[in-house]
Amino acid sequence: MITVLILALLLVVAVLSSVYFAEIIAHRVGQPYGTLILAVSVTVIEVGLIASILLGRSPGSEAIVRDSIFATIMIVCNAVVGISLLIGAIKHRETIFKAEGTNIALALLITSATLAFVLPTYTTSTPGPNYTLPQLRGAAMACFILYATYVYAQTVRHKSMFLPPVFEHPEFRDHLHSKPSNQKTAISALALLLSLLSVIFLAKHLAPYIEQGVQVIGAPHEVVGILIACLVLLPESFTAIRQALHNKMQNSFNLAYGSGLASVGLTIPVVAVISYVSGITLTLGLDAKSLIFLMLTFILSIMTISMGKATFAQGIIHLVVFGAYLRLSISP
């Protein structure tokens, strides 16, 4: 018990440190690069964690990709977005963002998730909810192309669509501060990497205790993937909520949907290679309950961003959906 408490305390310190250093880098490079760097950093390390579990070939590991990434989508689209909307609306009455940029990110996420986790349930080339190797290769290429499209749209082609509405709403303007020096930025980048590695290291060491706890309460093995995803996403979640507190909901959306896209677009290609080399057959297709939650989440997300502003009601709706997802995952 003492070991778990120490690991949990160290995890909190690592998360807070990563948020601090990420904000320094974001202030130096500006938006939307700051949110993109944090999302990609966490996801790349998450890919390493998933790959290590997959190659460990423990019972249920063939479904860890599906469970963890699906959990990531549910967390970012419902928990992170819901809390950010609720907190932002409580402090500022309603949150304002650019629907056009958020719509691009959500459309790409819906397409990626459908290719990766919905279609395998309905293909007939294999008996289970999985792809054949050629099908998996095609899906992996498509997911990577979709994520690359998002990065290009966010940073080059439609960069202004992903920035907070500064000109339309002057209250969004940042306070004028001198940017960090190159030396401080470089040190912060190294510290951010070490902090994120610490988060993954601690999460991995907490995983056995999580598995024991899941077994004790008699919950399905997919709950392990949910809890690990929660731990890994802590830095991004903290940052997204802080952005919402400062009335920058656009940055919160960039982090949330960008993290979901990175999780699918970077992880699926890597595990496709692992599946080909190691001969591991991945279980990717979602069951009926998960498909309903995915569909409900995306429908609500489309309605939330359609107007370019949201109130506390949308936040509560997303949080209720996330609560139901957790409850029915623990006791299906």
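Worth saying up front: this structure is predicted, and the values here are computed from it rather than measured. (Residues numbered from 1 in each chain as written. Predicted model: local features only at pLDDT ≥ 70, side-chain atom pairs only at ≥ 80, totals over all residues. Heavy atoms only, no water.)

Colleague: Would you mind going over the confidence of the model for the protein chain in detail, with residue names and values included?
Modeller: Scored by pLDDT, the protein chain comes out at a mean of 82, with 92% of its residues at no less than 70. Mean pLDDT values for the elements of the protein chain range from 72 in helix H2 (residues 33–56) up to 94 in helix H10 (residues 288–305). Scored below 50 in pLDDT, residues 167–176 shows twelve contacts in the model against residues more than four places distant or in partner chains. (pLDDT = per-residue confidence, 0-100. Helix = DSSP H or I, 4+ residues; strand = E, 2+ residues; numbered from the N terminus. Contact = heavy atoms within 4.5 Å.)

Colleague: So, the side chain of Thr-102: which residues are in play, and what are the values?
Modeller: Mapped onto the elements of the fold, Thr-102 is located in helix H4 (residues 99–118). For Thr-102, the residues in contact, after removing those within four places along its chain, are Phe-97, Gln-250, Phe-253, Tyr-257 and Ile-305.

Colleague: So what's going on with the nonpolar core? Which residues, and what values?
Modeller: Judged by nonpolar contacts, the single largest core of 95 residues is most densely connected at Val-65, Ile-73, Phe-117, Tyr-257 and Ile-268. Leave out the neighbours within four places in its chain, and Phe-117 touches Val-65, Arg-66, Ile-69, Ile-73, Val-264, Ile-268, Leu-284, Gly-285 and Leu-286. (Core = buried A, V, L, I, M, F, W, Y, C linked by side-chain atoms within 4.5 Å. Buried < 20%, exposed > 50% of the residue type's maximum accessible area, 1.4 Å probe, protein only.)

Colleague: Describe the packing of aromatic side chains, listing the residues and the values that go with them.
Modeller: Within the structure shown, the criterion is met by six aromatic pairs. Ring centres of Phe-97 and Phe-253 lie 4.7 Å apart, and the angle between their planes is 75°; on these two criteria the pair is classed as edge-to-face. Of this pair, Phe-97 sits in the loop between strand S1 (95–96) and H4 while Phe-253 sits in helix H9 (residues 249–278), placing them 156 residues apart in sequence. Taken individually, Phe-97 and Phe-253 each receive the classification buried, so the pair is uniform in this respect. What links up through ring pairs into an aromatic cluster is the set Phe-70, Phe-293, Phe-322 and Tyr-325. (Phe/Tyr/Trp six-rings, centres within 6.5 Å; stacked < 30°, edge-to-face > 60°.)

Colleague: So what about the pattern of salt bridges? Which residues, and what values?
Modeller: Counted according to the given criterion, the structure contains one salt bridge. A salt bridge links Arg-66 to Asp-67; its shortest N-O distance comes to 3.1 Å. The burial state of Arg-66 is the same as that of Asp-67; both residues are buried. (Salt bridge = Lys/Arg side-chain N within 4 Å of Asp/Glu carboxyl O.)

Colleague: Any details on H4? Residues and values, ideally.
Modeller: Of the residues making up H4, those classed as buried are Ala-99, Gly-101, Thr-102, Ala-105, Leu-106, Leu-108, Leu-109, Ser-112, Ala-113, Ala-116, Phe-117 and Val-118. Against helix H3 (64–92), helix H5 (133–157), H9 and H10 lie the buried residues of H4.

Colleague: Could you give me a rundown of a nonpolar patch on the surface, with the residues and numbers involved?
Modeller: A cluster of nonpolar side chains, Leu-133, Val-273, Tyr-276 and Val-277, forms an exposed patch at the surface whose accessible area comes to about 440 Å². If one sorts the elements of the nonpolar patch by residue count, H9 sits on top with three residues. Here Tyr-276 lies in helix H9. Overall, the relative accessible area of 60% leaves Tyr-276 in the exposed class. (Patch = residues over 30% accessible without salt bridge, like charges linked within 9 Å, V, L, I, M, F, W, Y side chains within 5 Å. Areas by Shrake-Rupley, 256 points an atom, 1.4 Å probe, with all protein chains shown as cover.)

Colleague: Got a sec to walk through the state of the cysteines? Specific residues and values, please.
Modeller: On inspection of all chains with the given rule, the structure shows zero disulfides. Note on Cys-143: no disulfide assigned, nearest cysteine sulfur contributed by Cys-77 at a separation of 15 Å. This cysteine, Cys-230, is not joined by any disulfide, and Cys-77 carries the nearest cysteine sulfur, 14 Å off. (Disulfide = S-S within 2.5 Å.)

Colleague: Outline the environment of Arg-57, supporting the account with residue identities and numerical values.
Modeller: Looking at the secondary structure, you find Arg-57 in the loop between H2 and H3. The residues touching Arg-57, leaving out its near neighbours within four places in the chain, are Ser-278 and Ile-280.

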